[in-house]
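Structural overview
Residues per chain, in single letters:
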Amino acid sequence: MENIYTGKTLEAALAAAEKELGIKKDEFTYEILEYPSKGFLGIGAKPSKIKVFYEESPEKMIENYIDGLFALCGVSGYKTTISTEGEYINVQVDGEEASLFVTKQFDTVEAMQMLISLSLNKETDKHYKVSLNINDYKEKTKIRLEALAMKIAGQVEKSHRKVTLNAMSSYQRRIIHSKLQEVENITTFSVGEEPNRKVVIAYNGPDAEKKPRKFTPPNISDKKGDYKKGGKKGGKPRGDRKPKEFVPQETPADVKPFFPIYKPEDKQ
């Protein structure tokens, strides 16, 4: 990369470059475009002009990217801390106004993280892995999701029924998988396609092959014979039965009724 700096003297121009780039003059090369000139009695004086060639560090590129993005969103009063470990770069941003980018689903922060990674890798032609954290939201998210995972795992172990969680980002899914990978009788796996990929928490105990018991309402016809085919097992179906004919029975003459019978001749 290259920039042009000016100063009353050559040293002043180099000092301006050091201050803006945050590096010492032995860490960059420069070309003198114009030498300083005092002119005549101060008239026609010209400053020193140099062209500086340098390689911007990944940390500085990330800081500049965040500053530009936050400026566009009107966010100020934040502090950026960057640490590098090989190809891994951790970016921590703290500030009250920076909470604007923090959402419950963590989508905004992850989108910013991806944009920073793409921009950095394109400029450096390398493959850096950037992790962006704003106001320690990753730690808070981890605590919340781990508690949720353990709660759902307890329910699954009791009911033997799998539970599918809401769609999550890859970072959130890794938290669930990592927390439950050593929990006894529980297994996890992901289903679906991005951005609607979900985590499934399932029972994986010794009796996992048995299907969970389902409530079946009792069938009255199974208690005493098969009433659908007849009153008793082996009987004829009700549709084949003929109604019995009513045959009135005569009362024997020698049987007296238990109540008095009124007759007209009794009046006489």
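Below is a short write-up of the structure.

Taking strand neighbours across the sheet as the criterion, the 3 strands line up as 4-5-6 in an open arrangement whose pairing is mixed. The open sheet has two edge strands with one neighbour each: strand 4 (79-85) and strand 6 (129-134). Taking each pair of neighbouring strands and ignoring which way they run, the sheet shows an average axis angle of 15°. As defined by bridge partners, strand 5 (residues 88-94) adjoins strand 6 across 6 bridges and the pair is classed as parallel. Paired with valine 91 across the bridge in strand 6 is leucine 132. The sheet contacts of helix 2 (residues 58-72) involve strand 4, strand 5 and strand 6, and relative to strand 5 the element is tilted by about 35°. Those strands touched by helix 3 (residues 107-124) are strand 5 and strand 6, and its axis lies near 145° from that of strand 6.

Within the structure shown, the criterion is met by 2 aromatic pairs. Judged by centre distance (4.7 Å) and plane angle (65°), the ring pair of phenylalanine 70 and tyrosine 78 falls under edge-to-face. Look at phenylalanine 70 and you get buried, because its relative accessible area is 0%. Ring centres of phenylalanine 70 and phenylalanine 101 lie 4.7 Å apart, and the angle between their planes is 20°; on these two criteria the pair is classed as stacked. Of this pair, phenylalanine 70 sits in helix 2 while phenylalanine 101 sits in the loop between strand 5 and helix 3, and the two are 31 residues apart along the sequence. As far as the burial class goes, phenylalanine 70 and phenylalanine 101 line up, both buried. Lysine 138 extends its terminal NZ or CZ atom over the ring of tyrosine 171, reaching a point 5.2 Å from the ring centre.

Attention now goes to the packing of helix 4 (residues 137-159) against helix 5 (residues 170-180). The axes of two packed helices give the description: the angle between them and the distance between them. With their axes 9 Å apart at the nearest point, helix 4 and helix 5 run at an angle of 50° to one another. Compared by their axis directions, helix 4 and helix 5 come out oblique. Between helix 4 and helix 5 lies a crossing of right-handed hand. For the pair helix 4 and helix 5, contact is made by Lys138, Thr141, Lys142, Arg144, Leu145, Glu146, Ala149, Met150 and Ala153 and by Tyr171, Gln172, Ile175, Ile176, Lys179 and Leu180, respectively. Of the residues in the contact of helix 4 with helix 5, the class split is 8 nonpolar, 2 polar and 5 charged.

Summarising the element assignment, serine 170 is placed in helix 5. Spatially, the C-alpha atom of serine 170 lies 8.4 Å from that of arginine 197, the residues being 27 residues apart in sequence.

Reading guide: rules and limits
Residues numbered from 1 in each chain as written. Predicted model: local features only at pLDDT ≥ 70, side-chain atom pairs only at ≥ 80, totals over all residues. Heavy atoms only, no water. Pairing = 2+ DSSP bridges. Helix = DSSP H or I, 4+ residues; strand = E, 2+ residues; numbered from the N terminus. Axes fitted to C-alpha atoms, helices over the stretch in contact; angles between N-to-C directions. Contact = heavy atoms within 4.5 Å. Phe/Tyr/Trp six-rings, centres within 6.5 Å; stacked < 30°, edge-to-face > 60°. Buried < 20%, exposed > 50% of the residue type's maximum accessible area, 1.4 Å probe, protein only. Lys NZ or Arg CZ within 6 Å of the ring centre and 35° of its normal. Parallel < 35°, antiparallel > 145°, perpendicular 65-115°, else oblique. Left-handed = near helix turned anticlockwise from the far one by under 90°. Nonpolar A, V, L, I, M, F, W, Y, C, P; charged D, E, K, R; others polar.

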